[in-house]
Amino acid sequence: MAKNNINTVINRASATSSAQSTNNYMQYPRYRNKQGHGWAAEDANAMADRLSGKRVEQVGRDNSLNGTDHISNGIEIQTKYCASPSKTIGAAFSDGSYRYGKMKLEVPKEQYDECVRLMADKIRSGEVPGISDPAMAKDIVVKGTCTYDQAVNIAKAGTLDSVKFDLKTQSVSCSITCGFSFALGYANALRIGKSHAEALKCASTQMVKSGATSLAVGVGTQQLLRTTVGRSIAATATHSARTILDATCKTQVGQQVVERTASALVGKEVVGQAAKNVLAKGMRTNMVTGGIMMAAQTIPDAVKLCNGKMSAGEFVENTTSNAAGIGGG
């Protein structure tokens, strides 16, 4: 397998897995809203649970009234992040009653102790149905892994907290890219006659390079999507994706492909417009990630071309190969 072909396959896998991580673990379209830090807190706390080995389902993306935000190891959790403990606890009550049944209430890390005290007061006042012991407040209130201010920062581009969060969300896709790159590089090195030691060295070098590129592209994509420019690019990509899907669904075979692919992605049957919405969302992020991946691959080659270290033919060949790989992904 030629070097360019290896890079094509790796770029395809890297761009796709980075986009999938963004779709799965980040509700970035909502970060721009007035309460965007609340969704950022949901994502950050859910990711922290995943990294601690818990099984997490983010079921609250449908934004159903009084619904669960995420389920961690079978425990239903509602996340509330307001500027003060009284507002955080107050947001969990309506008409003098706790809104979330048996769900745990996840609160900002620094507000935990005061929120427990306030919840105990609510229990004493009879505002938590089915619970009369104030000591149970500690069983209801859960300490979040990030503070209120950190959640606010995670929703913004260019902050240390948002970059840290993006590194975590992209760590999964980066590990996949590293493993895939190492295996492919090692097999190819052996195929062309290199020794075991030489193949390991080549594969390790390829793994580090691919992993670093994947991580940089993933983090760069998520940072960009928090900005006005990034959201405009995403909106354009969404329009393009919908145009492609509408054309595809004009035939029965195309409609079936769209519905089956969408159903596989979400793990349940979706049909019609719902299926197109699922794929449009995925294609939107893939287009943005692919654009950044393309830039990351093309700019270094353009510099080499300008410095006379690469011929025009090699530049065109590499660019075409990279575009084909990323487009295929």
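In what follows, the accompanying structure is described.

Rules used throughout
Residues numbered from 1 in each chain as written. Predicted model: local features only at pLDDT ≥ 70, side-chain atom pairs only at ≥ 80, totals over all residues. Heavy atoms only, no water. Helix = DSSP H or I, 4+ residues; strand = E, 2+ residues; numbered from the N terminus. Buried < 20%, exposed > 50% of the residue type's maximum accessible area, 1.4 Å probe, protein only. Contact = heavy atoms within 4.5 Å. Areas by Shrake-Rupley, 256 points an atom, 1.4 Å probe, with all protein chains shown as cover. Lys, Arg positive; Asp, Glu negative; His and termini not counted. Charge placed at Lys NZ, Arg CZ, Asp CG, Glu CD. Phe/Tyr/Trp six-rings, centres within 6.5 Å; stacked < 30°, edge-to-face > 60°. Lys NZ or Arg CZ within 6 Å of the ring centre and 35° of its normal. Pairing = 2+ DSSP bridges. Salt bridge = Lys/Arg side-chain N within 4 Å of Asp/Glu carboxyl O. Axes fitted to C-alpha atoms, helices over the stretch in contact; angles between N-to-C directions. Polar contact = N/O pair within 3.5 Å; in protein donor to acceptor, adjacent residues only side chain to side chain.

Structural notes on the overall build of the protein
- Across its full length, the protein holds 12 helices and seven strands.
- Counting only C-alpha atoms, the protein reaches 75 × 50 × 35 Å along its principal axes.
- Within the protein, the fraction of its 329 residues that count as buried is 44%.
- Within the protein, counting contacts between residues at least 6 apart in sequence, those at least 24 apart form 65% of the total.
- Surface summary for the protein: the accessible area is close to 16,400 Å², and the carbon and sulfur share equals 57%.
- On the protein, the mean spot of the 38 positive side-chain charges and the mean spot of the 26 negative ones are 6 Å from each other.

Regarding the packing of aromatic side chains
- Summed over all chains, the structure comprises three aromatic pairs.
- Look at phenylalanine 93 and tyrosine 98: their rings are 5.5 Å apart centre to centre, the planes differ by 55°, and that puts the pair in the tilted class.
- Residues tyrosine 98 and tyrosine 100 carry aromatic rings whose centres are separated by 5.9 Å and whose planes lie at 80° to one another, so their mutual orientation is edge-to-face.
- Taking the relative accessible area as the measure of exposure, tyrosine 98 reaches 6% and is therefore buried.
- In this structure tyrosine 100 comes out as buried when scored by relative accessible area, which is 3%.
- Taken together, the aromatic side chains of Phe93, Tyr98 and Tyr100 make up a single cluster linked through ring pairs.
- Lying over the aromatic face of phenylalanine 93, lysine 122 brings its terminal NZ or CZ to 4.9 Å of the ring centre.

Things to note about unusual backbone geometry
- Positive phi, normally seen in glycine, also occurs at asparagine 73, with a value near 50°.
- By the secondary structure assignment, asparagine 73 is in the loop between strand E2 (70–72) and strand E3 (75–79).
- Positive phi outside glycine occurs at aspartate 95, with the angle close to 55°.
- In this structure, aspartate 95 sits in the loop between strand E4 (93–94) and strand E5 (97–98).

Things to note about the pairing of strand E6 (residues 104–107)
- One ladder, built from three bridges, connects E3 with E6; its direction is parallel. Counterpart to threonine 79 in the pairing with E6 is glutamate 106.
- Here E6 runs beside strand E7 (residues 141–143); their pairing, made up of three bridges, is parallel. Within E7, the position partnered with leucine 105 by the bridge is valine 141.

A few points about the pattern of salt bridges
- Within the structure shown, the criterion is met by eight salt bridges.
- The salt bridge partner of arginine 55 is glutamate 57, with a shortest N-O separation of 3.0 Å.
- Residue arginine 55 is classed as exposed on the basis of its relative accessible area, which comes to 58%.
- Of the charged contacts, one joins aspartate 121 and arginine 117 as a salt bridge, the two residues approaching to 3.2 Å between their closest N and O atoms. With aspartate 121 and arginine 117 both in helix H4 (residues 112–124), this residue pair falls four residues apart, about one helical turn.
- Given a relative accessible area of 30%, aspartate 121 falls into the partly exposed group.
- The network of salt bridges with shared partners includes Glu114, Arg117, Asp121 and Arg124.

Notes on the sheet that holds E6
- Sheet architecture is open: five strands sit in the order E1-E2-E3-E6-E7, paired in mixed fashion. Each edge of the open sheet is held by one strand with a lone partner, namely strand E1 (56–57) and E7.
- Sheet contacts for H4: E6 and E7; angle to E7, the most-contacted strand, approximately 180°.

A look at the side chain of glutamate 42
- Position of glutamate 42 relative to the elements: it lies in helix H2 (residues 36–51).
- Within the buried set, glutamate 42 has no salt-bridge partner at all; the shortest N-O distance to an opposite charge, 5.6 Å, is to arginine 30.
- Among all residues touching glutamate 42, those that are not within four sequence positions of it are Gln27, Gln58, Asp69 and Thr79.

Observations regarding the side chain of glutamine 78
- Along the polypeptide, glutamine 78 turns up in strand E3.
- Polar contacts involving the side chain of glutamine 78 include one to the side chain of aspartate 69, which spans 3.5 Å.
- With near-sequence residues (within four places) excluded, glutamine 78 lies in contact with Gly67, Asp69, Tyr100, Met103, Lys104, Leu105 and Glu106.

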